[in-house]
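What follows is the residue order along each chain.
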Amino acid sequence: MHAKLDPPSLDSVLGSASAVARGRLAGEGPAGRLPLTPDRLREEPSGNLFGLTQNVGMGWSPAALEGPQYVIVSTHGGLRSEDGSPVALGYHTGHWEIGLLVRAAAETLRAAGAIPFAAYCSDPCDGRTQGTTGMFDSLPYRNDAAVVMRRLIRSLPTASGVIGVATCDKGLPATMLALAGCRDLPGVIVPGGVTLPAVGGEDAGQVQSLGARFARDLVSLDYAATMGCRACGSAGGGCQFLGTAATSQVVAEGLGLALPHSALAPSGEPVWLELGRRSALALLRLDALGVALKGILTQHALENAMLVHAAFGGSTNLLLHIPAIAHAAGLRPPTVEDWIHVNRATPRLVDALPNGPRGHPTVQVFMAGGVPEVMLHLRRMGLLHGDVLTATGDTLDATLDWWATSDRRREARARLAAAAAVAPDDVIMGPDAARRAGLTSTVVFPVGNLAPEGAVIKATALDPSVVGDDQVYRHRGPARVFVDERDAIRAVKGVAGGPDRPICAGDVIVLIGTGPSGTGMQETAQITTALRYLPWGKHVALLTDGRFSGFSSGACVGHIGPEALAGGPIGRVRDDDLIEIVIDRGRLTGSVDLVGAAGQALDADACAALLEQRSAHPALAPHAALPADTRLWAALQRASGGTWAGCVYDVDRIVATLEAGLNLTKEAT
């Protein structure tokens, strides 16, 4: 796939004698004196004193060691030269530029007399790992990174507060989990912003379907090569659609962790560059006011974030991340009933990619007013808890009062109208306008004989042409069962060497073994993206015990529980079984059922008996390349309540499970 490079010479690898000869064996050491007192020497831990030695050893002035200390933890990746060109690439644009935000925050803290520390825990790219075994580490990374970040924060026990800078699908949720778990400190999240759309180019979601469109003779090789090169209109930021990255930014602001009108800022632009400075000032203000993260992350703040998620039409991945944030913060995680209640309260108010109807890029959502504009509508609807505190140190009501009459709001909305010829109220709508435009509630939780523990679908992303006038989507078709995503995408593409029967309109793809135990609950976005941009794709449904990317759209039902490898009935489906899917976007109800076998309809009792007597699919097994790290993650999160609890680590439940198992082992021996 990649060209081989000629090997360097062995001599260049082994090194030279001259480098050894020129080396120093001792140095002068920093000049000056540490600000020590007899009491400090007698009373403080040796670690505090050694920390001062390390500070001056790294070049900090001994005369400036008395200020408060703050941690800036980020997911920065890659190495840029001074002119911004790459020396070593990051994994994605989302973490490529956020070092500039870290620097701005650090300089602001230093100018105020504080001592900033910067720590890093970079993140993977879900787009880069789609369709590869790299996806098996995606969701487990979130927990691991949150643990690492919390350890880094706690490893500076003299810290007075923390700033988290992150952008994308797993890095930003991990950062929110980390800060939520350090709730006695003041803290601020800095969302890393979004990539600009490219003039004359496809967006970063659409280009991920180029392979499928080329395979189906819908685009030329030249078009694919050109569009694939042209997707990013700027070097930094999360993708231009309201996927998991953008939704996580929106939720961070909805929780009150990020400053107002910070989510979805265009990376590298002046309005983005100022975020590092303003967020550092906000941290100083929170610390001075005595407002810790536990004063911001409350049950009411959680409810506000869920409302914002629903109003934006956000990624279903946040159904994993919001409960996890609640768990880390010591709050009651939302139940399915809570999600249903929230989604019944408000329709989607935002017309953004990938949902439509027009599908505005995220930078246009930002310029239309972003989160505070949506919150103004939610407040008018009587839904928001306005008395919660936010990263400003003030209440949400005070923030929204400012926003409603601010110069910033006026300038942003005027800029959108003038530069893009887009009316802000066509991007972010009031509830009546949204309903007139056909926008419905965001998520539905179907159940049925194939999903007895539930499932989820982003109902607002169903193509309107396949939804009835009664707002009900109905699909009945033959099952096409796959235990490996690679086989499923070959069938969608219809390529040589793939399954004998390519996927066609009317089929129901059933992708099993992709839950936590099989693949680490991989995303199946390469399939859903292909279906979206194939002309007949809207007439194909997809069921899986895995999950979907935030830019997935169509009749995609995921998170089906129990997962196939835990005995779920989804694992007993066979090719040509009849599957029926019903999604009522008005009532927010749905069903996913086996209704026949071998192309013949059966009654409900016969279907139940068939699923009961069948064994699991003969090819069902954990993926052969599943890493041991991910197997451990799957076991720990399963003991902690599984996917509907947010794939968290509940230490008490894990310890109890281990102790029960150890006791049984002792009894058996």
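Scoring rules and cut-offs
- Residues numbered from 1 in each chain as written.
- Predicted model: local features only at pLDDT ≥ 70, side-chain atom pairs only at ≥ 80, totals over all residues.
- Heavy atoms only, no water.
- Patch = residues over 30% accessible without salt bridge, like charges linked within 9 Å, V, L, I, M, F, W, Y side chains within 5 Å.
- Areas by Shrake-Rupley, 256 points an atom, 1.4 Å probe, with all protein chains shown as cover.
- Salt bridge = Lys/Arg side-chain N within 4 Å of Asp/Glu carboxyl O.
- Helix = DSSP H or I, 4+ residues; strand = E, 2+ residues; numbered from the N terminus.
- Buried < 20%, exposed > 50% of the residue type's maximum accessible area, 1.4 Å probe, protein only.
- Axes fitted to C-alpha atoms, helices over the stretch in contact; angles between N-to-C directions.
- Parallel < 35°, antiparallel > 145°, perpendicular 65-115°, else oblique.
- Left-handed = near helix turned anticlockwise from the far one by under 90°.
- Contact = heavy atoms within 4.5 Å.
- Phe/Tyr/Trp six-rings, centres within 6.5 Å; stacked < 30°, edge-to-face > 60°.
- Lys NZ or Arg CZ within 6 Å of the ring centre and 35° of its normal.
- Pairing = 2+ DSSP bridges.

So, on to a nonpolar patch on the surface. Where nonpolar side chains cluster on the molecular surface, the patch consists of Leu-10, Val-13 and Leu-14 and spans about 350 Å² of accessible area. Relative to the elements of secondary structure, Val-13 occurs in helix α1 (residues 10-14). For Val-13, a relative accessible area of 59% corresponds to the exposed category.

This part takes up the packing of helix α12 (residues 244-254) against helix α19 (residues 370-380). As a packed pair, α12 and α19 sit with axes 10 Å apart at the nearest point and diverge in direction by 60°. Considering their axes alone, α12 and α19 lie oblique with respect to each other. The two elements α12 and α19 cross, and the hand of that crossing is right-handed. Counting all contacts with α12, which are made through Val-250, Glu-253 and Gly-254, the residues of α19 involved are Val-371, Pro-372 and Met-375.

Moving on, we get to the packing of aromatic side chains. Aromatic ring pairs are defined here through the distance separating the ring centres and the angle between the ring planes. Summed over the entire model, instances satisfying the criterion amount to 2 aromatic pairs. For the cation-ring pair, Arg-110 lies above Trp-60, with the distance from its terminal atom to the ring centre recorded as 4.3 Å. The ring of Tyr-533 is capped by Arg-213, whose NZ or CZ atom sits 5.6 Å from the centre of that ring.

On to the sheet that holds strand β4 (residues 115-120), then. The sheet built from 4 strands is open, its strands ordered β4-β1-β5-β6 with parallel pairing. In the strand order of this sheet, the two ends are held by β4 and β6 (187-191), each with one partner. Averaged over all adjacent pairs, the angle separating strand axes in this sheet is 20°, with direction ignored. Here strand β1 (residues 69-74) runs beside strand β5 (residues 159-166); their pairing, made up of 6 bridges, is parallel. Across the sheet, the residue bridging to Tyr-70 is Gly-161, located in β5. In the packing of helix α6 (residues 99-111) onto the sheet, the strands contacted are β1, β4, β5 and β6, and the crossing angle to β1 comes to about 175°. Where helix α8 (residues 138-154) meets the sheet, its contacts fall on β1, β4 and β5, and the angle it forms with β1 comes to roughly 165°.

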